[in-house]
Amino acid sequence: MRLPPSATRSMAILIAAATVALPAPAAGPSTAEVELLRLPRDLINPRAALGSDGTLHLVVYSGALQQGDLYYLRRTPEGATSPRRRINVEPASVNGRGSIASAHMALGVDDRVHVAYPGSRTAQPQGPYRTPGIFYSRLSDDGVGFEAPRNLMRRTRGGQFGGQSIAADREGRVWVSWYGVDAPRGTEPDARLFVARSTDGGATFTPERPAREETLGACYCCAMSSMADDDGRLLLLYRAAGEGRHRDVHLFSSLDGGSTFEDLTLDEWEFVGCPETGGSLARGAEGPLAIWEAAGKLLKVARLVGGGNEPPLTVLEGDGRLPRYPVAATNDAGQTLVAWVEGISAKRPGDLVWQLLDGGGRPVGARERRAGQAKPNSLVAVVARPDGSFLVVI
């Protein structure tokens with residue numbers, strides 16, 4: 001791994017994640033039930049989170065490739081689903097280009113829903129350079145609708161396809177991050193990660209600032225992820241684009257609420273072109289998990305821990321098709337379900353795939369595949385329920 005000098009001086013997060021052979025399956029059958037929740041055909045790119053009362057919160061997209069609408073749905077523990085509620089005010093003002101530009105959601109104080117999404121070419125107001133902005137909205141005080149979306153871009157312009165994420169904690173802090181440049185022109189090698197912060201539950205945000213001053217570039221056709229972990233750290237996971245070919249996966253971590261960040265290179269990859277990869281962060285049994293696509297042919301799952309090294313968790317190789325847009329969730333028993341899609345395109349459906357891992361990162365049971373169940377131009381979401389089962393949303 002390639003660590004910046006600052007990271008070697010003071011490392012808040014240490015990680016070991018290596019490309020190793022897939023561990024042998026653990027003995028015994030799977031003990032975790034997996035339920036599929038199939039959304040209506042016109043709803044894609046689900047983002048899911050389970051509230052403290054067992055309520056499932058969903059944000060989904062509907063519309064054309066780069067112009068559509070964002071909706072919120074709620075499902076009770078008994079299985080009753082609320083009607084759709086549109087989040088964006090202007091019709092067709094959301095960019096929904098697959099997992100690259102899809103909306104992100106986070107739950108904050110009292111399970112309040114916070115959403116960030118990239119605006120379409122018609123979304124108003126535009127950013128400072130007359131380009132589509134990054135918009136934020138939250139569930140209204142009465143819990144019925146959403147507040148009017150706000151464009152948080154004040155000094156930057158984003159990438160061609162968007163690229164943003166959102167994180168929130170139980171102290172009222174909200175962070176919206178995206179990659180972009182603070183100049184009228186700029187390409188991938190010129191881009192950095194920017195962060196807008198709120199300390200009052202999303203009522204107000206600071207102007208965006210670069211997470212770090214050095215320019216590592218940003219893969220404009222790759223998704224990013226963020227989360228606030230249980231130890232008060234803000235984590236940002238994204239793929240760089242240094243010199244247009246260093247498509248390395250970086251983890252930015254902050255212990256001071258997003259004022260300063262340390263950088264750790266998780267994975268290195270020399271690639272010229274637009275790989276359209278994804279990655280995500282999730283809560284694990286002993287700390288956050290980072291899941292990302294590596295070299296276009298496998299998935300890496302690593303545990304992020306403070307204060308020490310950990311052995312590799314696991315590497316999942318594709319079954320002859322590229323594993324794309326991985327997500328994960330961990331139940332109270334320490335089991336992790338990793339889910340992804342394979343073979344999809346803007347117009348072609350693909351396969352939904354998942355693998356259950358035990359607390360040591362070893363596969364439990366056989367890998368499951370649902371051929372043709374992944375929608376075109378879409379991704380998958382997964383949550384762990386209090387009874388130890390998992391819900392996969394497609």
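Cut-offs used in this document
- Residues numbered from 1 in each chain as written.
- Predicted model: local features only at pLDDT ≥ 70, side-chain atom pairs only at ≥ 80, totals over all residues.
- Heavy atoms only, no water.
- Core = buried A, V, L, I, M, F, W, Y, C linked by side-chain atoms within 4.5 Å.
- Buried < 20%, exposed > 50% of the residue type's maximum accessible area, 1.4 Å probe, protein only.
- Helix = DSSP H or I, 4+ residues; strand = E, 2+ residues; numbered from the N terminus.
- Contact = heavy atoms within 4.5 Å.
- Salt bridge = Lys/Arg side-chain N within 4 Å of Asp/Glu carboxyl O.
- Pairing = 2+ DSSP bridges.
- 1 Å grid on protein atoms, 1.4 Å probe; cavity = no way out; pocket = protein on both sides within 12 Å on 5 of 7 lines; lining within 4 Å.
- Points joined across faces, edges and corners; volume = space filled by probe spheres on them.
- Nonpolar A, V, L, I, M, F, W, Y, C, P; charged D, E, K, R; others polar.

**Considering the nonpolar core**
Phase 1: Among the nonpolar cores identified, the biggest contains 22 residues, and Tyr179, Leu193, Ala211, Leu236, Tyr238, Phe252 and Phe261 are the most heavily contacted of them.
Phase 2: Secondary-structure elements contributing two or more residues to this core are strand E12 (174-181), strand E13 (192-198) and strand E16 (234-239).
Phase 3: In this structure Leu193 touches Trp178, Tyr179, Arg209, Pro210, Ala211, Met224, Leu236, Tyr238 and Phe252, once residues within four positions along its chain are discounted.

**Brief notes about the pattern of salt bridges**
Phase 1: Following the criterion strictly, the structure yields 26 salt bridges and no others.
Phase 2: Connected via shared salt-bridge partners are Arg112, Arg138, Asp141, Glu147 and Arg150.

**Considering the pairing of strand E11 (residues 164-168)**
Phase 1: Counting buried positions along E11 yields 5 of 5 residues, so the element is predominantly enclosed.
Phase 2: Relative to E12, E11 is paired through 5 bridges, and the arrangement is antiparallel. Of the residues in E12, the one forming a bridge with Ala167 is Trp175.
Phase 3: In this antiparallel pair of consecutive strands, E11 and E12, the connection spans 5 residues, and Gly172 shows a positive phi of 90 degrees.

**Here we look at empty space enclosed by the protein**
Phase 1: Applying the stated criterion across every chain, the model contains 5 cavities of 30 Å³ or more.
Phase 2: The volume enclosed by the largest cavity comes to roughly 60 Å³.
Phase 3: Taken together, Cys222, Ala223, Met224, Leu237, Tyr238, Arg239, Val249, Thr277, Gly278, Gly279 and Trp292 form the lining of the largest cavity.
Phase 4: When residues of the lining of the largest cavity are assigned to their parent elements, the largest contribution, 3 residues, is made by E16.
Phase 5: Within the lining of the largest cavity, the residues separate by chemical class into 7 nonpolar, 3 polar and 1 charged.
Phase 6: What the second largest cavity holds in volume is close to 50 Å³.
Phase 7: Considering the residues around the second largest cavity, the lining is formed by Val341, Leu352, Gln373, Ala374, Lys375, Ser378, Leu379, Val380 and Ile394.
Phase 8: Here the residues of the lining of the second largest cavity are counted per class, giving 6 nonpolar, 2 polar and 1 charged.

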